[in-house]
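# An overview of the molecular structure
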Amino acid sequence: MKREEYLSWDEYFMGIALLSSQRSKDPSTQVGACIVSDENKILSVGYNGMPRYCSDDEFPWARDGAALDTKYMFVCHAELNAILNYSGGSLAGARIYTTLFPCNECAKAIIQAGIRSVIFLSDKYADSESGRASKRMFEAAGVAYHPYEQTRHTVELKL
């Protein structure tokens, strides 16, 4: 008989997104994303961080202060990084697993890339204008979204 306590596809791909989030150097919010084909093949991953060639040590990580003294003008979000990291052609029909519901800017990129489904772990900014704008665009564009359904499995990584 086969083993029965294996991970579901959703558990596996959200696990990859969570693991990817641990690459983030952001001291307050670590976000990961995993883009998957309709054949359950991982197409790309990403995490929130500074753009390539922009030193993590030279750009700010602060949340408060003047715009150019905070991370918000500089950090590339996990979803956008995952889209930009993909080099295989079209993402049409793919789904994205993300640890945080996409902001309005990432929602635009998801729609433009042809991704058809968003599975998210947290929606802590649901009541923000950005969160509401994302949902409005997803609904208009026919992009399905739903929260990840927590399971009984726990995956622990020991180094």
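Scroll up to find the structure this text is about.
Structural notes, computed from the coordinates. (Residues numbered from 1 in each chain as written. Predicted model: local features only at pLDDT ≥ 70, side-chain atom pairs only at ≥ 80, totals over all residues. Heavy atoms only, no water.)

Our next topic: the overall build of the protein. The helix and strand tally for the protein stands at four helices and five strands. Listing every helix and strand of the protein by position from the N terminus yields α-β-β-α-β-α-β-α-β. What you see for the protein is a C-alpha radius of gyration of 16 Å, in line with the 15 Å of a compact globule of 159 residues. In terms of overall dimensions, the protein has C-alpha extents of about 60 × 45 × 35 Å along its principal axes. The buried share of the protein, taken over its 159 residues, is 38%. Taken as a whole, the protein presents about 9,900 Å² of accessible surface, with 52% of it coming from carbon and sulfur. Taking the average location of the 17 positive side-chain charges in the protein and that of its 20 negative ones, the two points are 3 Å from each other. (Helix = DSSP H or I, 4+ residues; strand = E, 2+ residues; numbered from the N terminus. Rg over C-alpha atoms; globule rule 2.2 N^0.38 Å. Buried < 20%, exposed > 50% of the residue type's maximum accessible area, 1.4 Å probe, protein only. Areas by Shrake-Rupley, 256 points an atom, 1.4 Å probe, with all protein chains shown as cover. Lys, Arg positive; Asp, Glu negative; His and termini not counted. Charge placed at Lys NZ, Arg CZ, Asp CG, Glu CD.)

If you walk through the whole model with that rule in mind, you get nine aromatic pairs. Clustering of aromatic rings is evident, with ring pairs tying together Trp9, Tyr12, Phe13 and Tyr97. Above the plane of the ring of Phe101 lies Lys135, whose end atom (NZ or CZ) is 4.2 Å from the centre. (Phe/Tyr/Trp six-rings, centres within 6.5 Å; stacked < 30°, edge-to-face > 60°. Lys NZ or Arg CZ within 6 Å of the ring centre and 35° of its normal.)

Applying the stated criterion across every chain yields a total of five salt bridges. The closest approach of N and O atoms between Lys108 and Glu105, which form a salt bridge, is 3.0 Å. You can see Lys108 and its partner Glu105 sitting in helix H3 (residues 104-113), three residues apart, about one turn around the helix. Judged by its relative accessible area of 36%, Lys108 is partly exposed. Salt-bridge contacts for Lys135 lead to Asp123; the nearest nitrogen and oxygen are separated by 2.8 Å. Of this pair, Lys135 sits in helix H4 (residues 129-141) while Asp123 sits in the loop between strand S4 (117-122) and H4, and the two are twelve residues apart along the sequence. The exposure class of Asp123 is partly exposed, given its relative accessible area of 24%. (Salt bridge = Lys/Arg side-chain N within 4 Å of Asp/Glu carboxyl O.)

Attention now moves to H4. Between its terminal C-alpha atoms H4 stretches 18 Å, which fits the 18 Å expected from 13 residues at 1.5 Å a residue. For H4, the complete set of buried residues consists of Gly131, Ser134, Lys135 and Phe138. Looking down the long axis of H4, one finds its buried residues gathered within 95° of arc, a one-sided arrangement. Exposed and oriented more than 90 degrees from the buried face of H4 are Glu129, Arg136 and Ala140. Looking at the buried residues of H4, the elements they touch are H3, S4 and strand S5 (144-147). Downstream of H4 by a residue or two, Gly142 has a phi angle that is positive, lying close to 75°. (Expected span 1.5 Å × (residues − 1). Arc of directions from axis to C-beta. Contact = heavy atoms within 4.5 Å.)

The subject of this paragraph is a nonpolar patch on the surface. On the surface, Leu7, Trp9, Tyr12, Ile42, Val45 and Val155 cluster together into a nonpolar patch covering about 550 Å² of accessible area. Breaking the nonpolar patch down by element, the ones donating at least two residues are helix H1 (9-21) and strand S2 (42-47). Mapped onto the secondary structure, Leu7 falls in the segment before H1. (Patch = residues over 30% accessible without salt bridge, like charges linked within 9 Å, V, L, I, M, F, W, Y side chains within 5 Å.)

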